[in-house]
Amino acid sequence: MTPPPARARRAADAGLSPSAVSALAGELRLACMRISRRVRFESTHVVAPHQFSVLCRLEEAPRTPSELAEIEKVSAPSMTRTVAALVERGLVERTDDPADRRQVILSLTRDATVLLKDIRRKRDAWMSVRVGRLTAEEQDVLHQASAILTRVANE
C-alpha cells in the first residue's frame, strides 16, 4: 500500500474528513474573494479596478501594450482602451521603443506613483479599521492565517 500524499496526510493529521476539508476550502475561498472585492472597490471612484491592475503592472516595469494585455488576460483592443484612458488622465506616458520604433513603451507618471500610494494607503486603512475591531485572540488567529494563506498561495 502506498502512503497518502503529503497534503492528505496533513488533512488527516488535522482530524478533518475529506468533506470537511472541502467545505473549509470553499468557505476560505469565498471569504478571500469577498475581502478582495471589498478592498478593491474601496477606491473605485479614483480608478477602476482594471486600471489599478494595469498601473501596478507598470509599477513593476515599463511594458508594451501587448505585454500588458497578455499579463492581464485581456484582448489587445481592450488594453488599448484602458491605456488610452490612463494616458488621458496623465497617469501613463507613452514613449517610442528605441529597439523597435513600431512599438510603444508604457510607463507610470509621477502622478500615478502618488495615486498608487494613496490607493494602497486607503485600502490598508479600510482593512486596519476592521481588523482593529477584532479581539486580540481573533487578531492572533488572523496573523497565523495570513502566514498559512500566503504559503497556500505560493504552492
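Throughout what follows, the structure given in this document is the object of discussion. (Residues numbered from 1 in each chain as written. Predicted model: local features only at pLDDT ≥ 70, side-chain atom pairs only at ≥ 80, totals over all residues. Heavy atoms only, no water.)

Overview of the packing of aromatic side chains
Here is step 1: All chains considered together, the criterion is met by 0 aromatic pairs.
Here is step 2: Over the aromatic face of Phe52 sits the side chain of Arg123, whose NZ or CZ is 4.0 Å from the ring centroid. (Phe/Tyr/Trp six-rings, centres within 6.5 Å; stacked < 30°, edge-to-face > 60°. Lys NZ or Arg CZ within 6 Å of the ring centre and 35° of its normal.)

Notes on the nonpolar core
Soluble globular proteins tend to pack their nonpolar side chains together in the buried interior.
Here is step 1: Residues Val47, Leu55, Leu58, Leu68, Leu91 and Leu115 are the most contacted members of the largest nonpolar core, which totals 20 residues.
Here is step 2: Sorting the residues of this core by element identifies α3 (49–60), α4 (65–72), α5 (76–88), β2 (104–108) and α6 (110–132) as the ones contributing at least two each.
Here is step 3: When near neighbours in sequence (up to four residues on either side) are disregarded, Val47 contacts Phe52, Leu55, Arg89, Leu91, Leu115 and Ile119. (Core = buried A, V, L, I, M, F, W, Y, C linked by side-chain atoms within 4.5 Å. Buried < 20%, exposed > 50% of the residue type's maximum accessible area, 1.4 Å probe, protein only. Helix = DSSP H or I, 4+ residues; strand = E, 2+ residues; numbered from the N terminus. Contact = heavy atoms within 4.5 Å.)

What about the packing of helix α2 (residues 18–40) against α6?
Here is step 1: Where α2 contacts α6, the two axes come as close as 9 Å, and the packing angle between them is 130°. In terms of orientation, α2 and α6 fall into the oblique class. Two secondary-structure elements touch here, α2 through Ile35, Arg38, Val39 and Arg40 and α6 through Arg123, Trp126, Met127 and Arg130.
Here is step 2: Looking at the contact of α2 with α6 residue by residue, the classes come out as 4 nonpolar, no polar and 4 charged. (Axes fitted to C-alpha atoms, helices over the stretch in contact; angles between N-to-C directions. Parallel < 35°, antiparallel > 145°, perpendicular 65-115°, else oblique. Nonpolar A, V, L, I, M, F, W, Y, C, P; charged D, E, K, R; others polar.)

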